Amino acid sequence: MSEQNEPGNPASDAPCLTCEQDPIAKLTQMFVGIVQARRIEQGQNPARRPVFLKPHGVAHARFEIVPDLDPSLKVGVFGMGPVLSAWVRFSSDTVPTAPDLKTTLGIGIKLFGVPGAKLLGDGDTQDFLLQNMDVFFVDNAQEMCAFTEAGVIEGDYNPYLRKHPKTDHILKQMAKPEASCLTTPYWSGLPYAFGAGQFVKYKLEPEQPVDGLPFDSADYLALDLERRLLDGEARFKFMVQFRKPGMPLDEATVRWSEQESEPVHVATLVLPRQDIKKRGQAEYGENLAFNPWHSLPEHEPQGSISQARRAVYAASADQRRNCNGVPTREPGAPRPDAPLLPIEDTTIVRAAIHPSIGVARVGNSVDEYFLAPEVPDPLPEAPGFYRDATGALKRQAARFRVYGLNAEGKVVAELTADNADIRWTVHLANQKSAWYQFELAQDIPEAAEAPTQLRRNTAVANRADLMIDPGPRHISGHNTHGGEAHTFDTGRFMGAEVYLGEIRTDERGRLIVLGGHGKSASYNGTRAYTFGNNETFHDDTADGPVTASVKFQGRHLKVDPAWIVVGPPNYAPQRKAVRTMWDLMRDVAITANMLPRPERPSFRNDILPLFERMTGLQWVNAGFAGAFGWGGQFNYTTAEWLERLSDNTSDMRELRRTIANQFRVFDRDSWSPVPWPWLYGDAMSIPAAKTPRQNVALTDTQLRFLQQWSEGDFENDFDPACPPPRSLEDVPVAEQGDLLDRASLDFCLADAFHPGCEMTWPMRASSMYMSAFRIKHAKPEAKEVDYGAAMTPDITEMPDGPLTVQYPGGITRWMAVPWQTDTASCRSGYTASYDPYVPSFWPARVPNQVLTAHDYRIVMDTERPLGERLAAFASRAAWSRPLGSKSYQDQINNMIRNISQMGVVEVQPGIADDPNFPPVMEVEDLPRHRSHRYGLLQSVAEAEEDVEHPHASDRVDLSQIEKVRRFPRRQG
């Protein structure tokens, strides 16, 4: 309530009142009878408040009581709701012509629909007043009176401030810059009753971040408020801080420590998207009178400053509103909300291809294929779906679509051959055998100590002979396919033609890309001997750019391009890694400011998937089955657990915190195999005693979400009655592009990049992307530089190095050659001293232990004894057993010979309403002649005959391989 003396306010005008005898009457006289009255006499029109008279904006709002609030907190308005209408006024304690910078900000909140007798007035309203400082600059009404008298009567605050350094210090603290009315916290500063015998202070905590300090106008706070609310809603947590012993009620300069008494979230103030300049809105807010005594008795203001406020605010409101011809009573129903309806811009100005990175997979079926998932949670396919009639694996094809975008970059419509002229171009290539050996991810510290990554096949002088590059292919129209123009079969490896795939279009002209047939071979007949760098070998995985020329309504559109990656088969098509490639790329994009940092996680989309994925790994790994699977102690996907985990109230805080603390945090417990998830990390080939990257950690974004979840700061949006979309047609067209991106990358691994499954460690480099999830393309005519005889971390960091623009074959070249040797090698339980089944490498793509068809039939045979069925369900066989157990080299070469001999883990029905078994199971689909039972004991025994950990360095003396024991023996 600080006001400078103004011309025409002589001290002689004041009746004989003193601050010592009646500070409240004296304050009323000074603020209302002198300051406000003189301004009105001088022509102020409309008449304004004596304090906080510079408005920044008025907004309609919702006051949402926290769901399932503890009964002890359901006091007064907090026992009403669940939602109350509100109007909110933002202002500064200065005159309207003064600049906003370093002024004291205030917020007045008027709730409507609050019945009951009030301490002042007779309306159904409740007011809260807060400002952007947690203390007042004086303790009580008498000090407030003396301070105000120095300015209003004496005309100079300085003598008072020299005698009162505490007030001077607080006032200087209050003169702080604020970027926005919507990003600063507010406090009541003064205490209030909270029912009988309890007292609290109020706090508003913003949920939107500070995004700059736009001090470019004297009225920047009003401009910022208008801009933000035009862009979207704003939210504040309304908190109550309970008084603890020693916290005073009438010493307003004394701060109530939030460490001693942590504020409790009781409601959320939501300001929906709106135009605060809408006609009449500002005038309506300025005519409202805010007084903390417009209150239920349960919230009675405390202290002498509050007593002074009651009189001063009431008198000034009456004088102001009488002068302006506005009724002095409290309003009845609030002014109707005027939400800003979105203006739908349907003008297409450019286009984009989705998915931004498509993933196809090799398969040895001659003709049959299926489409890659187009939603993150597709329904499972029927048993047998992934094989043709001969038992060969079908290829997974990637389908690409073009979407028209408006000027804001939002999807307006899908463009197809029905409404646009679309010409697709795809360029697949395989550079693996001409690239560099894999030893270790080059972006981790351990790379400095790893063997040098030399070129593969250094004996081949003509490097072009090792590059399988058939050049680009083009296609357009409906249902187009076949012929040389659409087939990648002219690339050669050491003179021999290699088929890398083909392109076609569907009935609407969308692009379909198929990869190779899973064929790998050595040009001189050498046997494979290691997991990653088999000299003389090639395979038929590939990758490259996907572009489109689009003419829509007579105009050529600029089109955001995409990329295609052809990877190994997915032997567990329903499973996802705990950290997927989408999670990793999302984290990269957020860190590089390509995507906004989410304010809070969604339980449904960000938290629940972590638990669902670990439970899902029960079908591909025995360790996860025992802990997270059916009946396991960490199976958090049951209905009972989901109800508790999705509860964001304080009741479940310690439970959430305990669970969140089980996940590995790199700086805290990276050395231990115990924290979740039980998966190997990038430096697995370094003994655990030497590296903290032996095991994987979630992304920083995922870990931050877990921390917010543990604190209850998350969206409780879980509804078991509302399943996720199962097909793209279930999703609004505006959301389809982003969903296609996620669906494609959610089924790719981002576990141990050693080297990886579909893509590997370079995907962590933001320099690889033109935008979030979208790879930078080299110009078609450009030629990549020669990086020399060896690849080093220094080369990867060059501004024109291999982690910038990408060329055809540039993504998969970092992977193992051939992929089969890596897939046959990456298993689980290498750290036998910890557990025979975990940690694991890539169980979501390459299973470790599986439920066999033989055991599944026993489980489903209800004529058998329950104990026998339970034992069959608990049994898990080694997925790798079709490869034989003679030697490691035999195993990896067996994998090269026939990729379809390995089982696909597919969904099978359980027995309805049988509490002993899950309602659905995932079962290995090996043909009967391959499905004889292997128990876990037999698998472990076979492991004792196994050889050197295959992910050790390739530089192993093969004649001494049985003698080298750099790692514990792996589980077979």
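Residues numbered from 1 in each chain as written. Predicted model: local features only at pLDDT ≥ 70, side-chain atom pairs only at ≥ 80, totals over all residues. Heavy atoms only, no water.

### A few points about the layout of surface pockets
So, point 1. In this structure, the second largest pocket spans a volume of roughly 1200 Å³.
So, point 2. If you go around the second largest pocket, you meet 43 residues; those closest to its centre are Lys-237, His-265, Asn-648, Gly-712 and Asp-713.
So, point 3. Counting residues per element, the ones that place at least two in the lining of the second largest pocket are strand S1 (54-65), strand S7 (199-206), strand S8 (234-242), strand S9 (264-271), helix H11 (639-645) and helix H12 (653-660).
So, point 4. Per-class residue counts for the lining of the second largest pocket are 15 nonpolar, nine polar and 19 charged. (1 Å grid on protein atoms, 1.4 Å probe; cavity = no way out; pocket = protein on both sides within 12 Å on 5 of 7 lines; lining within 4 Å. Points joined across faces, edges and corners; volume = space filled by probe spheres on them. Helix = DSSP H or I, 4+ residues; strand = E, 2+ residues; numbered from the N terminus. Nonpolar A, V, L, I, M, F, W, Y, C, P; charged D, E, K, R; others polar.)

### Here's the deal with empty space enclosed by the protein
So, point 1. Inspection of every chain in the model, using the stated rule, returns eight cavities of 30 Å³ or more.
So, point 2. In this structure, the largest cavity occupies an estimated 300 Å³ of space.
So, point 3. Lining the largest cavity are 19 residues, and of these Arg-49, Phe-52, Leu-129, Phe-290 and Tyr-313 sit closest to its centre.
So, point 4. Secondary-structure elements contributing two or more residues to the lining of the largest cavity are strand S2 (83-92), strand S3 (105-112), strand S4 (125-131) and helix H7 (304-324).
So, point 5. With five residues, the single largest contributor to the lining of the largest cavity is H7.
So, point 6. Here the residues of the lining of the largest cavity are counted per class, giving 10 nonpolar, five polar and four charged.

### Regarding the side chain of Arg-235
So, point 1. Checked against the element boundaries, Arg-235 lands in strand S8.
So, point 2. With a relative accessible area of 17%, Arg-235 lands in the buried category.
So, point 3. Within the structure, the side chain of Arg-235 is placed 3.4 Å from the side chain of Glu-233, a separation counted as a polar contact.
So, point 4. When residues no more than four places from it in sequence are discounted, the contact partners of Arg-235 are Glu-64, Glu-205, Pro-206, Glu-207, Gln-208, Thr-268, Leu-269, Val-270 and Arg-600. (Buried < 20%, exposed > 50% of the residue type's maximum accessible area, 1.4 Å probe, protein only. Polar contact = N/O pair within 3.5 Å; in protein donor to acceptor, adjacent residues only side chain to side chain. Contact = heavy atoms within 4.5 Å.)

### Let's talk about the confidence of the model for the protein chain
So, point 1. Looking at the protein chain, the pLDDT average stands at 90 and 92% of residues meet or exceed 70.
So, point 2. Note that residues 1-14 has pLDDT below 50 and, in this model, 42 contacts with residues that lie over four places away or in other chains.
So, point 3. Taken together, the stretch residues 928-972 has pLDDT below 50 and engages in 115 contacts with residues farther than four places along the chain or on a different chain. (pLDDT = per-residue confidence, 0-100.)

### Observations regarding the pairing of strand S22 (residues 511-514)
Walk down a regular strand and you will see the side chains alternate between the two sheet faces.
So, point 1. Here S22 shows two buried faces, one formed by Leu-511 and Val-513 and the other by Ile-512 and Leu-514.
So, point 2. As paired elements, strand S13 (residues 395-405) and S22 share three bridges and run antiparallel to each other. Note on S22: the bridge partner recorded for Arg-399 is Ile-512. (Pairing = 2+ DSSP bridges.)

### Brief notes about the packing of helix H1 (residues 23-41) against helix H2 (residues 141-152)
So, point 1. Contact geometry of H1 with H2 gives a least axis separation of 9 Å together with a crossing angle of 35 degrees. Relative to H2, the crossing made by H1 is left-handed. Residues Pro-23, Lys-26, Leu-27, Met-30, Phe-31, Ile-34 and Val-35 of H1 form the contact with H2, whose participating residues are Ala-141, Gln-142, Met-144, Cys-145, Thr-148, Glu-149 and Val-152.
So, point 2. Looking at the contact of H1 with H2 residue by residue, the class counts come to 10 nonpolar, two polar and two charged. (Axes fitted to C-alpha atoms, helices over the stretch in contact; angles between N-to-C directions. Left-handed = near helix turned anticlockwise from the far one by under 90°.)

### Focus on the state of the cysteines
So, point 1. The final tally for this structure, using the stated rule, is one disulfide.
So, point 2. Here Cys-826 is not disulfide-linked; the sulfur of Cys-757 is the nearest cysteine sulfur, at 8.7 Å.
So, point 3. Assessed through its relative accessible area of 0%, Cys-826 is described here as buried. (Disulfide = S-S within 2.5 Å.)

### A few points about helix H20 (residues 888-897)
Owing to its 3.6 residues per turn, the α-helix aligns residues three or four sequence positions apart on the same side.
So, point 1. Regarding H20, the residues found buried are Tyr-888, Gln-891, Ile-892, Asn-893, Met-895 and Ile-896.
So, point 2. Buried residues belonging to H20 abut strand S24 (537-538) and helix H17 (819-823).

### Quick notes on the packing of aromatic side chains
So, point 1. Counted by the stated rule, this structure contains 47 aromatic pairs.
So, point 2. Where Phe-611 meets Phe-663, the ring centres are 6.2 Å apart and the plane angle is 65 degrees; that geometry is what we call edge-to-face. In this pair, Phe-611 is assigned in helix H9 (residues 603-616) and Phe-663 in the loop between H12 and helix H13 (666-669), connecting sequence segments 52 residues apart.
So, point 3. In this structure Phe-611 comes out as buried when scored by relative accessible area, which is 1%.
So, point 4. Of the residues examined, Phe-663 reaches a relative accessible area of 0% and is grouped as buried.
So, point 5. An aromatic cluster is built from Phe-611, Phe-624, Phe-628, Phe-634, Tyr-636, Trp-641, Phe-663, Trp-676, Trp-678 and Trp-709, whose rings are joined through pairwise contacts.
So, point 6. Lying across the ring of Phe-290, Lys-110 places its NZ or CZ 5.3 Å from the centre.
So, point 7. Over the ring of Trp-582 we find Arg-742; its NZ or CZ atom is 3.9 Å from the centre of that ring. (Phe/Tyr/Trp six-rings, centres within 6.5 Å; stacked < 30°, edge-to-face > 60°. Lys NZ or Arg CZ within 6 Å of the ring centre and 35° of its normal.)

### A word on the nonpolar core
So, point 1. Ranked by internal contacts, the top residues of the largest apolar core, which has 113 residues, are Phe-400, Leu-415, Trp-424, Ile-564 and Trp-709.
So, point 2. Looking at which element gives the most residues to this core, the answer is H9, with six residues.
So, point 3. Leaving out residues up to four positions away in the same chain, Phe-400 has contacts with Ile-353, His-354, Pro-355, Gly-358, Trp-424, Arg-510, Leu-511, Val-513, Val-546, Ala-562, Trp-563 and Ile-564.
So, point 4. Counting residues in each nonpolar core, the second largest holds 44 residues, with Leu-69, Leu-130, Tyr-186 and Phe-236 among its members. (Core = buried A, V, L, I, M, F, W, Y, C linked by side-chain atoms within 4.5 Å.)

### So, the environment of Lys-110
So, point 1. Looking at the secondary structure, you find Lys-110 in strand S3.
So, point 2. C-alpha separation for the pair Lys-110 and Ala-441, spaced 331 residues apart in sequence, amounts to 58 Å.
So, point 3. Setting aside residues up to four positions removed in sequence, Lys-110 forms contacts with Ser-85, Ala-86, Trp-87, Thr-125, Gln-126, Asp-127, Leu-288, Ala-289, Phe-290, His-294, Glu-330 and Pro-331.
So, point 4. A distance of 2.9 Å separates a polar atom in the side chain of Lys-110 from a polar atom in the side chain of Asp-127.

### Focus: the packing of H1 against H7
So, point 1. It is at 9 Å that the axes of H1 and H7 come closest, and there the two elements cross at 25 degrees. As judged from the angle between their axes, H1 and H7 are roughly parallel. The way H1 lies across H7 gives a crossing that is right-handed. Facing H1, whose interface residues are Ile-24, Leu-27, Thr-28, Phe-31, Val-32, Gln-36, Ala-37 and Ile-40, H7 presents Gln-307, Ala-308, Ala-311, Val-312, Ala-315, Ser-316, Gln-319, Arg-320 and Cys-323.
So, point 2. Tallied by class, residues from the contact of H1 with H7 come to 11 nonpolar, five polar and one charged. (Parallel < 35°, antiparallel > 145°, perpendicular 65-115°, else oblique.)

### Re the pattern of salt bridges
So, point 1. Counted by the stated rule, this structure contains 59 salt bridges.
So, point 2. Arg-228 is the salt-bridge partner of Asp-224, the closest N and O atoms lying 3.1 Å from each other. One end of the pair is Asp-224 and the other is Arg-228, both in helix H5 (residues 220-231) and four residues apart, which spans about a single turn. This pair shows no difference in class: Asp-224 is buried, exactly as Arg-228 is.
So, point 3. With its nearest N and O atoms 3.4 Å apart, the salt bridge here joins Arg-492 to Glu-497. (Salt bridge = Lys/Arg side-chain N within 4 Å of Asp/Glu carboxyl O.)

### Topic: the environment of Phe-773
So, point 1. Within the fold, Phe-773 resides in the loop between strand S29 (769-771) and strand S30 (774-775).
So, point 2. With a relative accessible area of 9%, Phe-773 lands in the buried category.
So, point 3. Taking the C-alpha atoms as reference, Phe-773 lies 13 Å from Pro-762; in sequence the two are 11 residues apart.
So, point 4. Not counting residues up to four positions away in its chain, the partners in contact with Phe-773 are Ser-356, Ile-357, Trp-582, Met-585, Arg-586, Leu-595 and Leu-745.

### Considerations on the pairing of S7
So, point 1. Counting buried positions along S7 gives seven out of eight residues, so the element sits mostly inside the fold.
So, point 2. Summarising the sheet, strand S5 (residues 186-187) and S7 pair through two bridges and their orientation is antiparallel. Following the sheet pairing, Trp-187 is matched in S7 by Lys-203.
So, point 3. Across two bridges, strand S6 (residues 192-193) lies against S7 in antiparallel orientation. Paired with Tyr-192 across the two strands is Val-200, which belongs to S7.
So, point 4. Summarising the sheet, S7 and S8 pair through seven bridges and their orientation is antiparallel.

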